[in-house]
Amino acid sequence: MTYSSVLIQFLNGLAGASTLFLVAAGLSLIFGVTRIINFAHGSLYMLGMYVAVWAAEPLGFWWSVPIAALAVAVFGAGVEIALLRRIYGAPELLQLLATFALVLIVKDFTLWQWGPEDMLGPRAPGFSGAVEIAGRPFPEYELFLIGFGPLVLGALWLLLTRTRWGTLVRAATQDREMAGALGVNQKWLFTGVFALGALLAGLGGALQIPREPATLLIDLSVVSDAFVVVVVGGLGSIGGAFVAALLIAEIKAFCIGLGFSQLTLVVEFIVMAVVLVLRPWGLLGRVPAPARGAGGAEPPLEAPSPAAIGALLALCGALALVPALSAGYTLVLLTDVLVFALFAVSLHFIMGPAGLHSFGHAAYFGLGAYGAGLLLVRGGLPMELSLLLGPLAGGLGAVLFGWFCVRLSGVYLAMLTLAFAQIAWSVVFQWDAFTGGSNGLIGIWPAPWLSSKTAYYYVTLALSAGGVALLWRALYSPFGYALRAGRDSPLRADAIGIDVRGLQWAAFSLAGLFAGVAGALYAFSKGSISPESLSVPRSVDGLVMVLLGGIQTLTGPLWGAALFTWLQDAVARGIDYWRAVIGGVVLLLVLAFPQGLTGFLRRRSAA
Amino acid sequence: MTVLAVRALSKAFGGVQAVRQVSFTIAAGELLALIGPNGAGKTTCFNLVNGQLPPDAGEVEFLGESLLGLAPRKIWRRGVGRTFQITATFASMTVRENVQMALLSHHRRLASVFSLARRQHVDEADALLARVHMRDQADRPCAVLAYGDLKRVELAVALAHQPRLLLMDEPTAGMAPAERSDLMQLAADLARGSGIAVLFTEHDMDVVFRHADRIAVLSGGELIANGSPQEVRADAAVREVYLGSYA
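The model shown is predicted, which means the values in this text are computed figures rather than measured ones.

Q: Go over the environment of Met383(A) with me, naming the residues and quoting the values.
A: Residue and element names in this part refer to chain A. When you line up the elements, Met383 lands in helix α15 (residues 383-389). Judged by relative accessible area, which is 5%, Met383 ranks as buried. With 125 residues separating them along the chain, Met383 and Phe508 place their C-alpha atoms 27 Å apart. Contacts of Met383, omitting those with residues within four sequence positions, involve Leu376, Trp445, Pro446, Ala447, Leu450, Tyr456 and Phe524.

Here you go:
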């Protein structure tokens, strides 16, 4: 690599860092003050892109940028006032779920307004040419971006340190309760911060349009990148976001420059992993202060009564009778329900008792599906063996990723699991030769003796019910109790010799293995798999199922999975904009039942 | 017999020397109170002994072996029980289940996936609860207990591993004055009866002087006195620290 190409790659990295910084800074600001992780931050970025492309046509690029940024800021303020204000008191997970519902709604709004095709933006007038640097042409617009990032950092710094409003923001970031006690009007402070964060995201998106087309897929990829940056830099630290954006963008640029563009995602992962092991709260982050009087204790997990066990067995019996009464589509739908019930129960296993809030559980579902598919298609193994061995891929993936994840807790953990899932997705998506890339794998059919819908339904019923029973049994074993002990009081657990981290790692791996079983079952029930099976929306499906059912209940995930799978099936078949409908339903449910459905019903019956 | 020997322990935070050259020992069945005015280094000293902080210099020896560098759970395995200033129990479990957890850990049965946890070591747990007079509340969830009762649950949990040393950080903090002496009397009886060495910090001087066998007084990070309650009461340096030069 020559000196000039090193320089060019370095400059490319700087330019990439600027937009990354804008998004991450907004995410970090919003989290710092409101303690909400804005899953929809990538959606705000995407909106910024679309609005800018749309406004640039009549008004020109330079007008479209501030207009897009302001439009997104106004939208952000509206979201804060109409939605987030109502859920600041709700559990963290439901807040995340609500912002994910926004992702779905914004995506469908964008689809409805601007259509499914990518939209190309204009070049930036005045910066459309190239200058010669070290004997090579370098786009002027990239130079503009290189200057713009530090400019925004400077402006933010001035805003936060030299204005009264900025002082209040910093005070609220450090100690929200104390700021409130001192009479700071939190309501408008929160709205203002959310609007500012949205503005930064919109600005980042708008500035990106001369570089890449606006696409509907950008939201989740941007928010995953921003999560990585924020985790590496330290949550709530603007300076940290800048340093991390630089670091990651540079490393990516050099990977591309050296001809290893496939490596970029793995490298991001390695950087994050190294940082998290050495500095669990990020490069410039601080150990979060424990929240005062933080939420009540988790309710005890009652052991099911003999009657409840009887009812569950009766349910299994009834499910076994279904093929005698009905065939065709009902069986297909029920097979899906069973698969997702196991998936949801495996997620609940780590989320509820262990308190590990995973936002990337689909990674293990997808790895199980691909494990089974690849063993069959590329490995030439018999179907039965592929179905049994495939889930190990999910388990092994969870062993690897889990080792890092259990070192963190709370929102850091959620972000890390999400980032790992995005990485797993990208690897599958990009590795055309092995995984079939975006087309996925086809021809993954069950062995002839299982090929009828009825036979496969029975296999699914047996494996899912067996898996659920094993996981539930484990919850009441010393292992499951020790997980709850670690969640209730890590301090006490440690002081009576419980290796909390080790047990959590084991639980994470076990949950990954069973998610893998669900994935493998899913693959053979569809006959094909695509990267969608480990995408972020699939992870969120699992979260919705668990949270709908109620996280501190035993059977909640079952009902959540059934309801959600049925709803998705019914809505997706009938309505074009089904994502928005699901998003809307989820929002309504979050607003109406902040403790989940089963929790709600239980309290109703207790009252 | 010396259970705990602390030798020349020192710890600085930035420029502040929080603990300087502190040494003391505790024998089996002996209760040593660590006291001192606010900022004297009690908590730091306590956390150096229990492994939550690494010392800059010095040695913490338990039954002749160093505890330095061991994680809290490894220190527990060696035979050191703890109670916390703010009680730490498993709030989603019953009183008995809390003790059962400690017993499961004691018997190294935590990795068991198929047995039912609540059926394990029931009698042993109830016997421990009886020792702290909590047997009748065994089935109540920990989340609804009175604070003083939680403290007693912590005692039972600490006893589950048959410790040789018990570390109690402000055992009576947050309790009504009448309850304090009862709790400390209970702890003292249990410790003396089983030959457990006890190190505790405490703000309530009534409790300290009534129940401690020996009192170690810290001031400005240094140990200025170490003796029986009578000796400490008469110590000029202690009187000066607590009462000022008018003493």
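Q: Got a sec to walk through the sheet that holds strand β8 (residues 197-201) of chain B? Specific residues and values, please.
A: All names here are of chain B. The mixed open sheet is built from six strands, whose spatial order is β6-β7-β8-β3-β9-β10. For this open sheet the edge positions go to β6 (80-83) and β10 (222-227), each flanked by a neighbour on one side alone. For this sheet, the mean angle separating the axes of adjacent strands, direction not counted, is 15 degrees. Where strand β7 (residues 165-169) lies against β8, five bridges are found, and the strand directions are parallel. Residue pairing for β8: Met168 is matched across the bridge by Phe200. Lying on the sheet, helix α6 (residues 177-194) is in contact with β3 (31-35), β7 and β8; it crosses β3 at an angle near 135 degrees.

Q: Summarise the nonpolar core; cite the residues concerned and give the values.
A: As a rule of thumb, nonpolar side chains are buried together in soluble globular proteins. Core analysis: the largest hydrophobic core is formed by 263 residues, its most contacted members being Phe39(A), Phe349(A), Ile498(A) and Met101(B). Top element by residues in this core is helix α1 (residues 3-34) of chain A. It accounts for 16 residues. For this core, the domains that each give at least three residues are domain 1 (3-278) and domain 2 (322-535) of chain A. Other than its neighbours up to four places away in sequence, Phe39(A) contacts Leu96(A), Thr99(A), Phe100(A), Val103(A), Leu220(A), Val223(A), Phe359(A), Leu418(A), Val536(A) and Val540(A). Listed in part, the 26 residues of the second largest apolar core include Val19(B), Val49(B), Val60(B) and Leu167(B).

Q: Can you lay out helix α13 (residues 329-351) of chain A for me, pointing to particular residues and giving the numbers?
A: In this model α13(A) runs 32 Å from its N-terminal to its C-terminal C-alpha over 23 residues, within 8% of the 33 Å that 1.5 Å per residue would give. With 20 of its 23 residues buried, α13(A) lies for the most part within the structure.

Q: How would you sum up unusual backbone geometry? Please name residues and give values.
A: All names here are of chain A. Although it is not a glycine, Arg35 sits at a positive phi angle of roughly 60 degrees. Examined against the element boundaries, Arg35 turns out to sit in the loop between α1 and α2 (41-59). According to the relative accessible area criterion, Arg35 is partly exposed, its value standing at 32%.

Q: Talk me through the interface of chain B and chain A; I want residue IDs and the actual numbers.
A: Each partner contributes residues to the interface: chain B has 30 residues there, and chain A has 29 residues. When chain B packs against chain A, the two sides together hide about 2,700 Å² of surface, and 66% of this comes from carbon and sulfur. On the chain B side of the contact with chain A, Arg73(B), Phe90(B) and Ser92(B) bury the most area, a combined 24% of that side's loss. Inspection of the region where chain B meets chain A yields two salt bridges. The salt bridge involving Arg73(B) is made with Asp499(A); its shortest N-O contact spans 3.7 Å. Elements that contribute at least two residues to the side of chain B that touches chain A include exactly α2 (72-79), β6, α3 (95-106) and α5 (147-159) of chain B. A per-element tally of the side of chain B that touches chain A places α3(B) first, with five residues. In the side of chain B that touches chain A, the residues fall into 17 nonpolar, six polar and seven charged.

Q: Talk me through the packing of aromatic side chains; I want residue IDs and the actual numbers.
A: Residues and elements named next belong to chain A. Tallying each qualifying case throughout the model produces 30 aromatic pairs over all chains. Judged by centre distance (5.9 Å) and plane angle (55 degrees), the rings of Phe39 and Phe227 are tilted. With Phe39 in the loop between α1 and α2 and Phe227 in helix α9 (residues 218-233), the pair connects residues that are 188 residues apart, well separated along the chain. Like Phe227, Phe39 is buried. Seen in terms of ring centroids, Phe61 and Tyr141 are 6.0 Å apart; in terms of plane orientation they differ by 75 degrees. Their pairing is edge-to-face. Taken together, the positions of Phe61 in helix α3 (residues 61-87) and Tyr141 in helix α5 (residues 140-162) put the pair 80 residues apart, joining distant regions of the chain. Assessed through its relative accessible area of 2%, Phe61 is described here as buried.

Q: Which residues make up the sheet that holds strand β1 (residues 2-13) of chain B, and what values go with them?
A: Residue and element names in this part refer to chain B. The four strands lie next to each other as β2-β1-β4-β5, forming an open sheet whose pairing is antiparallel. Edge positions in the open sheet fall to β2 (16-27) and β5 (65-66), since each of these has one partner strand only. Relative to β5, strand β4 (residues 57-62) is paired through two bridges, and the arrangement is antiparallel. Counted as the bridge partner of Glu61 is Ser66 from β5. Across the sheet, helix α1 (residues 42-49) touches β1, β2 and β4, and the angle it forms with β1 is around 120 degrees.

Q: I'd like a description of the domain arrangement of chain A, backed by residues and values.
A: Residues and elements named next belong to chain A. Taken domain by domain, chain A consists of domain 1 (3-278) and domain 2 (322-535). The C-alpha centroid of domain 2 is placed 32 Å from the C-alpha centroid of domain 1. Across the contact, 21 residues belong to domain 1 and 19 residues belong to domain 2. In total, domain 1 and domain 2 occlude about 2,100 Å² of area from one another, counting both sides; carbon and sulfur atoms represent 84% of this. Inspection of the domain 1/domain 2 interface yields zero residue pairs in polar contact (both at pLDDT 80 or more). Secondary-structure elements contributing two or more residues to the side of domain 1 that touches domain 2 are α4 (92-114), α9 and α11 (264-278). Looking at the side of domain 1 that touches domain 2 residue by residue, the class counts come to 16 nonpolar, four polar and one charged.

Q: Break down the environment of Tyr364(A) for me, with residues and values.
A: Residue and element names in this part refer to chain A. Turning to its location among the elements, Tyr364 is positioned in helix α14 (residues 362-377). Residue Tyr364 is classed as buried on the basis of its relative accessible area of 1%. Tyr364 sits 31 residues away from Gly395 along the chain, and the two C-alpha atoms are 6.9 Å apart. Once you skip the residues sitting within four places of it in the chain, Tyr364 turns out to touch Gly394, Gly397, Ala398, Phe401, Phe508, Gly512, Ala515 and Gly516.

Q: Pulling in residues and values, what's your account of the pairing of β10(B)?
A: Residue and element names in this part refer to chain B. Taken together, the five bridges between strand β9 (residues 214-219) and β10 define a ladder with antiparallel strand orientation. Bridging from a neighbouring strand, Ser219 pairs with Glu222 of β10. Connecting the antiparallel pair β9 and β10 is a turn made up of two residues, with Gly220 showing a positive phi of about 55 degrees.

What counts as what
Residues numbered from 1 in each chain as written. Chains lettered and ligands numbered in written order. Predicted model: local features only at pLDDT ≥ 70, side-chain atom pairs only at ≥ 80, totals over all residues. Heavy atoms only, no water. Helix = DSSP H or I, 4+ residues; strand = E, 2+ residues; numbered from the N terminus. Buried < 20%, exposed > 50% of the residue type's maximum accessible area, 1.4 Å probe, protein only. Contact = heavy atoms within 4.5 Å. Pairing = 2+ DSSP bridges. Axes fitted to C-alpha atoms, helices over the stretch in contact; angles between N-to-C directions. Core = buried A, V, L, I, M, F, W, Y, C linked by side-chain atoms within 4.5 Å. Domains from an automatic or database assignment. Expected span 1.5 Å × (residues − 1). Buried area = accessible area lost by both parts, 1.4 Å probe. Salt bridge = Lys/Arg side-chain N within 4 Å of Asp/Glu carboxyl O. Nonpolar A, V, L, I, M, F, W, Y, C, P; charged D, E, K, R; others polar. Phe/Tyr/Trp six-rings, centres within 6.5 Å; stacked < 30°, edge-to-face > 60°. Polar contact = N/O pair within 3.5 Å; in protein donor to acceptor, adjacent residues only side chain to side chain.

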